[in-house]
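# Examination of the molecular architecture
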Amino acid sequence: MTYFEGFVVPVPEANRDAYRTHASEFAPLVQDVGVRRMVESWDSDVPEGKVTDFRKAVDAKPDEKVVFSWFEYPSKQERDAANEKFRSDPRMEEMGKNMPFDGKRMIMGGFEAIVEEGSAGGDYTDGFCVPVPEAKREDYRALAAKMAKVFRQHGASRVVEAIASDVQRGEVTDFYRAVKAEDGETIVFSFIEWPDKAIRDQAWQKIMSDETMKPEGEMPFSGQRMFWGGFEKILDTADQPAIGSRAPITA
């Protein structure tokens, strides 16, 4: 199964273009160290929650939007090797200067896929963060696998559910605080890729009105502390030329 590094980032709305430029300039370095795919998606349909939500997760200010982002790797071993390269690459110091967002409030972590259906691609993404009791991992995986097929039937390009593998506690924010995780709970980082927002909106309307989709029995996660949102893709290295076809990179 694929390994993911997930990120949630607060970015001033006025810095959207600057953030996209920064991400585009960062992408060649990311590919060089071994990241198979890098995706950056911009706040489009992110609701406010009573208990948790994407904005609360990163202490977003009124003038800020949220970016939902991830790196993909074939395995955790390749992710760990890539992180070692990141730390020793002199270009990282330059990229760290004048960042168009507050890195102290960014949350990140490593997640191992437990469900992966479909093929990568599309212009729109639904992102989710979910607290799951460790004792209910398999129940959650079974439910997620069932729902993935439903989303695919309604037009989703790809559905991924990935469970915490290397998620650290942060000084200001982190995934655990974002979902108000309780003792004995882990975190799921999940996303659905859609061809576009229109297909996504139509799919959700059909799914939510389908009586057969109503939950039965106890859910294997806390729905009140799960949060989600819709994001417009602003960068996807899968859409860019392969490394061998790029011009040489200089530090």
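Residues numbered from 1 in each chain as written. Predicted model: local features only at pLDDT ≥ 70, side-chain atom pairs only at ≥ 80, totals over all residues. Heavy atoms only, no water.

## Points about the pairing of strand β5 (residues 124-133)
Each regular strand displays side chains that alternate between the two surfaces of the sheet. Spelled out, the test is: Each residue gets one of three labels from its accessible area relative to the maximum for its type: buried under 20%, exposed over 50%, partly exposed in between, using a 1.4 Å probe on protein chains only. Secondary structure elements follow DSSP: runs of H or I of four or more residues count as helices, runs of E of two or more count as strands, with numbering from the N terminus. DSSP calls a pair of strands paired once it identifies at least 2 bridges connecting them.
Counting buried positions along β5 yields nine of 10 residues, so the element is predominantly enclosed. As judged from the six bridges shared by β5 and strand β8 (residues 227-236), these two strands associate in the antiparallel manner. Residue pairing across strands places C129 opposite F227, the latter belonging to β8.

## Things to note about the pattern of salt bridges
This is how the line gets drawn: By definition here, a salt bridge exists when the distance from a side-chain nitrogen of Lys or Arg to a carboxyl oxygen of Asp or Glu is within 4 Å.
Applying the stated criterion across every chain, the model contains 31 salt bridges. Between R225 and E185 there is a salt bridge, and its shortest N-O distance comes to 2.8 Å. Placement of the pair is R225 in the loop between α7 (197-209) and β8 and E185 in strand β7 (residues 185-194), with a sequence separation of 40 residues. Taken together, the shared-partner salt bridges in this structure form one network comprising R37, E72, E116, R158, E193, K233 and D236.

## Some details on the nonpolar core
Spelled out, the test is: For our purposes a nonpolar core is just a set of buried Ala, Val, Leu, Ile, Met, Phe, Trp, Tyr and Cys residues, chained together by side-chain atoms within 4.5 Å.
Counting residues in hydrophobic clusters, the biggest one holds 28 residues, and the most contacted among them are V8, F54, F68, F111 and F175. Looking at this core, the elements with two or more residues in it are β1 (3-12), α2 (54-57), β3 (64-73), β4 (107-118), β6 (158-166), α6 (175-178), β7 and β8.

## A few points about the sheet that holds β5
To keep it simple, the criterion reads: To obtain an axis, a line is fitted to C-alpha atoms, over the contacting stretch when the element is a helix, and the angle between two such axes runs from 0 to 180 degrees between their N-to-C directions. Whether two residues touch is decided by their heavy atoms; if any such pair falls within 4.5 Å, the residues are in contact.
Read once around its circumference, the closed barrel built from eight strands follows the order β1-β3-β2-β8-β5-β7-β6-β4, with strand pairing classed as antiparallel. The average angle at which neighbouring strand axes cross in this sheet is 35°, direction not considered. Examined bridge by bridge, β1 and β3 share 10 bridges and lie antiparallel to one another. Along β3, the bridge assignment pairs P10 with V66. Running over the sheet, helix α3 (residues 76-88) touches β1, β3, β4 and β6 and is turned about 115° from β3.

## Comments concerning the packing of aromatic side chains
In plain terms, the rule: The criterion for an aromatic pair is that two Phe, Tyr or Trp rings (for Trp, the six-membered ring) have centres within 6.5 Å, with stacked assigned to planes under 30 degrees apart, edge-to-face to planes over 60 apart and tilted to the rest. Criterion for a charge above a ring: Arg CZ or Lys NZ at most 6 Å from the ring centre, at most 35 degrees from the ring normal.
A complete count under the given rule lists 19 aromatic pairs for this structure. Pairing F68 with W70 gives two aromatic rings, centres 6.0 Å apart and planes at 65°, and the pair type is edge-to-face. An aromatic cluster of three or more residues is present, and its members are F4, F54, F68, W70, F111, F175, F189, F191, F227 and F231. For R169, the ring lying beneath its charged end belongs to Y176, and the centroid distance is 3.9 Å.

## Focus: the pairing of β8
Of all 10 residues in β8, eight are buried, a share of seventy percent or more. Of the pairings in the sheet, the one linking strand β2 (residues 37-45) to β8 comprises six bridges and is antiparallel in character. Bridged to S41 within β8 is K233.

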